[in-house]
Every structure is written in structure tokens, then in C-alpha cells.
Amino acid sequence: MIYRTEKDTLGEVKVPVDKYWGAQTERSRKNFRIGSEASMPIEIIHSFGFLKKAAAHANYKFGLLSKKKRDIISLVCDEIIEEKLNDQFPLVIWQTGSGTHTNMNINEVISNRAHVLTGGVLGQGKSFIHPNDDVNMSQSSNDTFPTAMHIASYKKLIEKTIPSIKKLKETLKKKSKLFQNVIKIGRTHLMDATPITLGQEFSGYFSQMDHGLDSIEKTLDHLSELAIGGTAVGTGLNAPKGYDAKVTEYICRYTGFPFKIAKNKFEALSSHNAMVESHGALKQIAVSLIKISNDIRFLASGPRSGIGEIFIPENEPGSSIMPGKINPTQCEAIMMVCTQVLGNDVSISMAASSGNYELNVSKPLIVYNFLQSSQLLADACTSFSSFCVKGIKPNNQRIKEFLDKSLMLVTALNTHIGYEKSAEIAKSAYENNKTLKEEAIRLGYLTEEKFEKLVNPSKMI
């Protein structure tokens, strides 16, 4: 490895000669060799691209930055947004809890890339764009990192998570309508209950997704608030008056999303309740999906020794030793995803509650888990919809068999012969292995004609 020498306020640091980052990035890279999988999410890097470009334009508007500096910073930010510099951001999330190292990573890359784009040689001479004085002008890591957190999270929810959940919701809605006349036995406490239609059962799944989506969308207003302009502790020191509004205006223009100034920047820097709130809605979706996927895999269990009331798609062989076995793999995958989301929610809750005074110092952990949950749910909902729910079919023979044998149809007799006589019929039918009708007639409580008129599953749904 060939190195060049970079300097910061602590002294000289050797940096790989072909990398655009500088001394502070390299210090973090060497001092925080923690984990191998948890690099700073690239969505955060791209969000910083939008932010630094917006900041440069705002600083130019306020007469603090020259047009030449504004334009070259903007050019590098565009390269970041277009993913041309993805390999220049090597830091892990297990770094300073304010995200300062990543903010400086961005600043250094923009500075050194600008040096090269204006004819300079990397490592030789000073860039006319200073990482702190120019790229970080009117900013602090303490307000830029939470701003990037909100941009990345909002963007992910709008572009990935919400559309995928909507797709699954609509697939469930179609199945609910398709199955509306398929009468089956209901189950409560895992035991036989009164009749229900398969469509009604699926309408419950649809409604859970519908409410979950509504919960996510209600959190977007708070999540759209940006901390930029608060600088170090929320007071806005070193930022010109009106800077926050101008930067936010540019961010909205570049991203196409309706971001706004945080109502209270002290709250925006010191806590992350907007992230907690939004992830709580993701947790709600995860809880619902665990219930739905469990129901579906149990309804499909068998095919001969389980419930087997529905058929699910046969996507792949289910066993390396048992020929012909098919497993509910999509259900299992989405359950694992949702379990991870629940774990992420605990981490986010603990991290967000650990702020001290004017700053929360678990920001990288919070956004890492949030973005992971958002992406996992997006991918899993698409997969579950396409490779499981879309192909579900009723096993009408099995459904009828269970319905005809159910003892809980006796519930329809409660208002005619009373609870106690109805219970006697059910108990007697079970003990004597007879039908409800046979025992009702034998006990002298009903005639065959009367029984058939009263116990009609199609009138019990």
C-alpha cells in the first residue's frame, strides 16, 4: 500500500494514496475496527450529498461562499448522490455517537475531490475548498447528521417501504374478495369456534396492513422536520439568520420531498423521538406480519396431517432427505425479518432514551437499525406478496370436512333451546362420536327439520 501524508489539528496521518478521504477519516478507520458488517449505510452518505449541496447554495445566497466554491462543492455532491464515490466512505457505525467522523469523511472527500477536479494532484498542494471552513460552513456534525438521518429515513419509507406494504395490502384485499363465499370453521384459542368465511379471515389481514400503513404515514410529518441550522447545541451559533429555512428549501428542491425546519432544534439534536415514532409504526407492521404469516402457515399445514385448509405455492423442495416435502418458506422468512425489526425497535428505543443534555450520542446506531428495518420490511413484503399470498388457493374439500364435523355449530341453538341444552348436545355428540343433528334428535330437543333450519353455516357468518 502506498500512502500520502495528510494533516489535521492533531498532526500528520498516513492515508492510502488513491483515496479522497483525509486525516480524520483515517483516524476513525484505524481507531474503530469494530465489526465487519455494519458500515455506515450508503443512504446516509447520499443524504449528506443533498445536504452539503444545499448548504453550499445557502451559504452562497448569504454571501459567505463564492460562486466558484459553491459550484465545485455542488459538482462533487452530485457525484456522491449519483453513487460515483461510494467506495470513499469506509467508516463503520460503531464510531462517535454524534456521527462526526462520517460528517468529516464527507467534508474531506468533497475537499480532496474538488482539488482534483480543479486540476490539483491528490496529496499535493492544498485544495482551495477547505473541509471545515467551506464544506462544513454554518454547520456542525450535531445538526447535519440528524438531518441526514431524517432525509435517508423519510426517503426510504416513501420510495421502498410504503409501496411494498401497499402491494401486500392490495394482494390480501384481492384474496379477501375472492374468498368471500368460502365458508369455513373459525378458531379461537386454537380450538374450533363458529363459522367464518376465508374472505373474512383475510379481510382481517388486509385491515392490519391498512392500519399499519396509516400509522407509518401519520409519523411522516414529524420525520420531515430537519435539525439543520441548530449547529452545535441547537442555538444556531455561526449560522446566519434564515440559513435553516434556505437550506431546507434547497433540500426539498433536490430531493422532491416536503421537508421543513424542526419546530424545536434542541429537541431535534438531543432526542430522536421522530425516529422512535416512525420505527414504532414499522414495529406495528412487523407484529401484524408475524400473526398473518403464522396463520397462513398453520392453515396450510399438512398436507395430510395438519389443518390443510389452504394451498400455498410450491416454490422449492423443502427437504434434503424427505422427497416431495414442501415448506412454508416465505412465511418463515418474513417471520425472521419481523423478529429482527422487533429487536431493532428495542435497540432504537434504548439508544434514543440515552441522550444526555444537548445531544444524543447513539445516532449512527439509531439510523442503521431504522434503515435496516425499512429495507427488510420492503423486501420481505414484496417477496411474501409475490411468492406466497398471490398464489394461495382454498382446499374446499378439507374446509367442508372440518365445517361439517364442527361441534361449535351448536352455538346457533343457544337462542332457541338455551346454552345448557346446546352444551349437552355438543358434549354428547363428541363422546358418542355422532353428529350434532343425531344427538339433538336423540335427546328430543329438536326435529331433523328444525335442526337443519336453525343450524345453517351460511346464516352464521
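The structure displayed is predicted, hence computed values, not measured ones.

Trainee: Please provide a residue-by-residue account of the environment of Ser347, values included.
Mentor: For Ser347, the position within the fold is in helix H11 (residues 329–352). The class for Ser347 is partly exposed, based on a relative accessible area of 28%. Between the alpha carbons of Ser347 and Ile366 there is a distance of 7.5 Å; along the sequence they are 19 residues apart. Once residues lying within four places of it in the same chain are set aside, the contact partners of Ser347 are Leu365 and Asn369.

Trainee: Report on the packing of helix H2 (residues 42–61) against helix H6 (residues 141–178), specifying residues and quantitative values.
Mentor: The axes of two packed helices give the description: the angle between them and the distance between them. Taken N-terminus to C-terminus, the directions of H2 and H6 make an angle of 115°; their axes are 8 Å apart at the nearest point. The pairing of H2 with H6 is recorded here as roughly perpendicular in orientation. In this structure, H2 meets H6 at a crossing whose hand is right-handed. Contacts between H2 and H6 involve Glu43, Ile44, Ser47, Phe48, Phe50, Leu51 and Lys52 from the former and Thr144, Phe145, Thr147, Ala148, Met149, Ile151, Ala152, Lys155 and Lys156 from the latter. Per-class residue counts for the contact of H2 with H6 are nine nonpolar, three polar and four charged.

Trainee: Please give an account of the nonpolar core that cites residues and values.
Mentor: The nonpolar side chains of a soluble globular protein tend to be buried with one another. Ranked by size, the top nonpolar core spans 97 residues in total, and within it Ile44, Ile73, Leu289, Ile296 and Phe384 carry the most contacts. When residues no more than four places from it in sequence are discounted, the contact partners of Ile73 are Lys52, Ala56, Leu65, Ile110, Ile129, Asp134 and Val135. Counting 15 residues, the second largest nonpolar core, distinct from the first, contains Val410, Ile417, Ile425 and Leu446.

Trainee: Which residues make up unusual backbone geometry, and what values go with them?
Mentor: When glycine is set aside, most residues are seen to have a negative phi, and most peptide bonds are trans. Between Gly302 and Pro303 the backbone carries a cis peptide bond, its omega angle lying at 10°. Examined against the element boundaries, Pro303 turns out to sit in the loop between helix H10 (273–299) and strand S7 (310–311). The residue Ser138 is not glycine, and still its phi comes out positive at about 65°. Along the chain, Ser138 turns up in the loop between helix H5 (131–135) and H6. Here Ser138 falls in the buried class, since its relative accessible area comes to 7%. Of note in this structure, His189 is not a glycine but carries a positive phi near 60°. Tracing the backbone through its elements, the reader meets His189 in the loop between strand S3 (183–188) and strand S4 (191–197).

Trainee: Describe in detail the packing of aromatic side chains, supporting the description with residues and values.
Mentor: If you walk through the whole model with that rule in mind, you get seven aromatic pairs. Here Phe202 and Tyr205 contribute two aromatic rings whose centre-to-centre distance is 5.1 Å and whose plane-to-plane angle is 65°, an arrangement assigned as edge-to-face. With Phe202 and Tyr205 both in helix H7 (residues 198–223) and three residues apart, the pair spans about one turn of that helix. For the pair Phe202 and Tyr205, a shared accessibility class is recorded, and that class is buried.

Calculation rules
Residues numbered from 1 in each chain as written. Predicted model: local features only at pLDDT ≥ 70, side-chain atom pairs only at ≥ 80, totals over all residues. Heavy atoms only, no water. Helix = DSSP H or I, 4+ residues; strand = E, 2+ residues; numbered from the N terminus. Buried < 20%, exposed > 50% of the residue type's maximum accessible area, 1.4 Å probe, protein only. Contact = heavy atoms within 4.5 Å. Axes fitted to C-alpha atoms, helices over the stretch in contact; angles between N-to-C directions. Parallel < 35°, antiparallel > 145°, perpendicular 65-115°, else oblique. Left-handed = near helix turned anticlockwise from the far one by under 90°. Nonpolar A, V, L, I, M, F, W, Y, C, P; charged D, E, K, R; others polar. Core = buried A, V, L, I, M, F, W, Y, C linked by side-chain atoms within 4.5 Å. Phe/Tyr/Trp six-rings, centres within 6.5 Å; stacked < 30°, edge-to-face > 60°.

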